[in-house]
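Survey of secondary and tertiary structure
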Amino acid sequence: MADTSAIETSEVPEGIDPDGVTAWFESHAPEVEPPLRFALIAGGRSNLTYRVTDTGGRSWVLRRPPLGQVLATAHDMGREHRIISALAPTDVPVAPTIGLCTDDTVNGAPFYVMGYVDGLVVRDRAGAERLGTDQRRHAGRQLADVLARIHAVDPDAVGLGELGRREGYIERQLRRWYGQWQSSKTRDLPVVDEVHDALAARVPQQGAATIVHGDYRLDNCLLEPDGAIAAVLDWELCTLGDPLADVGLLLVYWTEPGDAHPALLDSPTLAEGFPTRAQLMDRYAAASGRDVSAVDYYVAFGYWKLACILEGVYARYRGGAMGAASGFEGFSGQVELLAEAARAALARLD
């Protein structure tokens, strides 16, 4: 996995025990040439991600949980490693897995290591403009096509049939994220409760369950120079369930000019060349053969879920769980904006 925003430093970043990790690499990556250098990859606001480089110029990526305040059932390194390993033989592009460490004495917490995949992470408009117009158009189409491929994988055929319950996905997600909201919230925000109740009262009938990524968006993919997707990243929320939840969240992030409630203020999709939301939906529907007429509900759910997640991230930053960090103070207001966007999306259903 590659990310041009890795924070280069001569010091070992928080969350890494260089002796323990080096010994693990010597046992699991025989080609490694210590000493190792470590760089925290910026952008991740949940599990921590590091680039590991040896003296021979080889690189890997290490993922571990936050430094504290880890929620029960969240940040499961073994689960994430299992998912990526299972998808490796399919046509879903993922980074190759190297190994999993569940011994906390090695690095203070479980971690897993992937091969380093070269590519571009596009997080904002300036990043998107490093690609040409045709490349941006291709990236958008690829995003729809790869999502359809994820949803086409047979969970039983790849050993993920027991990854989660298949029925009642939205109901389970509402319980999960509302529970996280209750345990992580830093203040009362009635709109979150209001939207939760409205979503729970009108859950659409679920079709056949598929693998659901849980956080599928442009900046959770590595792009090749032509805009093709080299690897899909950040599988920590993956489970089995309703594929339209992935579609709804993708549309939440797919900002267009004039949006009243943009999830991203400096969205990469504001750059010329990216497909519109309507074109993205048409592409996904054609690739998947799936009925997407009920997608507006899932957009509302996506905004609400994102508000709950971001509140949890905000609480962890405040508590120091993500290490020394700054610039997170605006998260509080963004949570409120996302909750209002969810309410507005629900209103469009009436």
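Before reading on, note that the structure itself is shown above.
My aim in this report is to walk through the structure given alongside it, one point at a time. (Residues numbered from 1 in each chain as written. Predicted model: local features only at pLDDT ≥ 70, side-chain atom pairs only at ≥ 80, totals over all residues. Heavy atoms only, no water.)

Thoughts on the overall build of the chain
Broken down by element type, the chain carries eleven helices and ten strands. Compactness check: the chain gives a C-alpha radius of gyration of 20 Å against a globular reference of 20 Å for 350 residues, within 12% of the reference. Principal-axis analysis of the C-alpha atoms gives the chain an extent of 60 × 45 × 40 Å. Looking at the 350 residues of the chain, the share that counts as buried comes to 54%. Taking the contacts inside the chain whose residues are at least 6 apart along the sequence as the reference set, 72% of them involve residues at least 24 apart. Surface accessibility of the chain: about 14,500 Å² in total, with carbon and sulfur atoms responsible for 48%. In the chain, 32 positive and 49 negative side-chain charges are present, and the distance between their average locations comes to 3 Å. (Helix = DSSP H or I, 4+ residues; strand = E, 2+ residues; numbered from the N terminus. Rg over C-alpha atoms; globule rule 2.2 N^0.38 Å. Buried < 20%, exposed > 50% of the residue type's maximum accessible area, 1.4 Å probe, protein only. Contact = heavy atoms within 4.5 Å. Areas by Shrake-Rupley, 256 points an atom, 1.4 Å probe, with all protein chains shown as cover. Lys, Arg positive; Asp, Glu negative; His and termini not counted. Charge placed at Lys NZ, Arg CZ, Asp CG, Glu CD.)

Details of unusual backbone geometry
For the bond from Pro-34 to Pro-35, the omega torsion is 5 degrees, close enough to zero to count as cis. Relative to the helices and strands, Pro-35 resides in the loop between helix 1 (18–28) and strand 2 (37–41). Unusually for a residue other than glycine, Asp-234 sits at a positive phi of about 55 degrees. Considering the arrangement of structural elements, one finds Asp-234 in the loop between strand 9 (229–232) and strand 10 (239–241). Here Asp-234 falls in the partly exposed class, since its relative accessible area comes to 21%.

Digging into the packing of helix 6 (residues 169–184) against helix 7 (residues 190–201)
In contact at an axis separation of 11 Å, helix 6 and helix 7 are set at 165 degrees when each is read in the N-to-C sense. In this view, helix 6 runs roughly antiparallel relative to helix 7, as classed from their interaxial angle. In this structure, helix 6 meets helix 7 at a crossing whose hand is left-handed. Every residue of helix 7 that contacts helix 6 at Leu-174, Tyr-178, Trp-181 and Gln-182 is listed here: Val-192, Asp-193, His-196, Leu-199 and Ala-200. (Axes fitted to C-alpha atoms, helices over the stretch in contact; angles between N-to-C directions. Parallel < 35°, antiparallel > 145°, perpendicular 65-115°, else oblique. Left-handed = near helix turned anticlockwise from the far one by under 90°.)

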